[in-house]
Amino acid sequence: MSDRDDLRIEPLTAELWTAFSDLLDQGGPASRCWCMAPQIGSAYRKRTPQRNRHDLHKLVKNGPPPGLLAFRDELAIGWCRITPRHAVPAIEQSWRTRRVDEVPVWVIACFYVRKGHRRQGITARLISAAVSYARSAGAPAVEAYPLDGGVSPSSTATGYVSTFRAAGFTEIARRSPERPIMRLALL
């Protein structure tokens, strides 16, 4: 377990791309998706990882930052996709996560924490930083679609209900047993 003060969280900019690439190049699903699933849906699976990487790199270069990167010293150890809902159109394509109302929410779409740094509260710290980031941008609320670990024992890149609940999020809808829609009002 690490001291809370040794974690630095920053928006992902072009200057931090190399550190981000090193994080996602660790293998596993993140190195295939490159956080393009919220952008284009399951079509990311039909594309090469290189194309997904290229397209996310282009988003980062064009700005604004599509998420936050957590560092311990100079090593990127965590990622959180936080952005206005309209910037991740595939969220609307799924019946589980389609819009509940017309509130222009920001969305926490996914996480990735480096092996060896998991189960140390990194996701909770990224949620807190994402909420602050969205609040500073004027977002009225932040929404997430975490997995309910009590219903499904699967692993998830979207976080768990318990972590979001501890951060003050409440369930506003549940269209499938395992994946509620949770929201935190900021205004």
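Structure shown above.
Residues numbered from 1 in each chain as written. Predicted model: local features only at pLDDT ≥ 70, side-chain atom pairs only at ≥ 80, totals over all residues. Heavy atoms only, no water.

1. Quick word on the pattern of salt bridges
Overall, the coordinates contain 14 salt bridges when judged by the stated rule. One salt bridge in this structure joins Arg53 and Asp25, with 3.0 Å as the shortest N-O distance. Pair noted here: Arg53 is in helix H4 (residues 49–62) and Asp25 is in the loop between helix H1 (17–24) and helix H2 (30–33), with a separation of 28 residues, a long-range link. Classification of Arg53 as partly exposed rests on a relative accessible area of 28%. Of the charged contacts, one joins Arg174 and Asp148 as a salt bridge, the two residues approaching to 2.9 Å between their closest N and O atoms. Highlighted residues: Arg174 in strand E6 (residues 170–174) and Asp148 in the loop between strand E5 (141–144) and helix H7 (161–166), separated in sequence by 26 residues. A single network of salt bridges, built from pairs that share partners, joins Arg85, Glu92, Asp101, Glu143 and Arg183. (Salt bridge = Lys/Arg side-chain N within 4 Å of Asp/Glu carboxyl O. Helix = DSSP H or I, 4+ residues; strand = E, 2+ residues; numbered from the N terminus. Buried < 20%, exposed > 50% of the residue type's maximum accessible area, 1.4 Å probe, protein only.)

2. Brief notes about the nonpolar core
Among the nonpolar cores identified, the biggest contains 27 residues, and Ile82, Ile108, Phe164 and Phe169 are the most heavily contacted of them. Counting residues per element, the ones that place at least two in this core are strand E2 (67–72), strand E3 (75–84), strand E4 (106–113), helix H6 (122–136), E5, H7 and strand E7 (180–185). The element contributing the most residues to this core is H6, with 8 residues. By size, the runner-up hydrophobic cluster in this structure holds 21 residues, among which are Leu23, Trp34, Cys35 and Met36. (Core = buried A, V, L, I, M, F, W, Y, C linked by side-chain atoms within 4.5 Å.)

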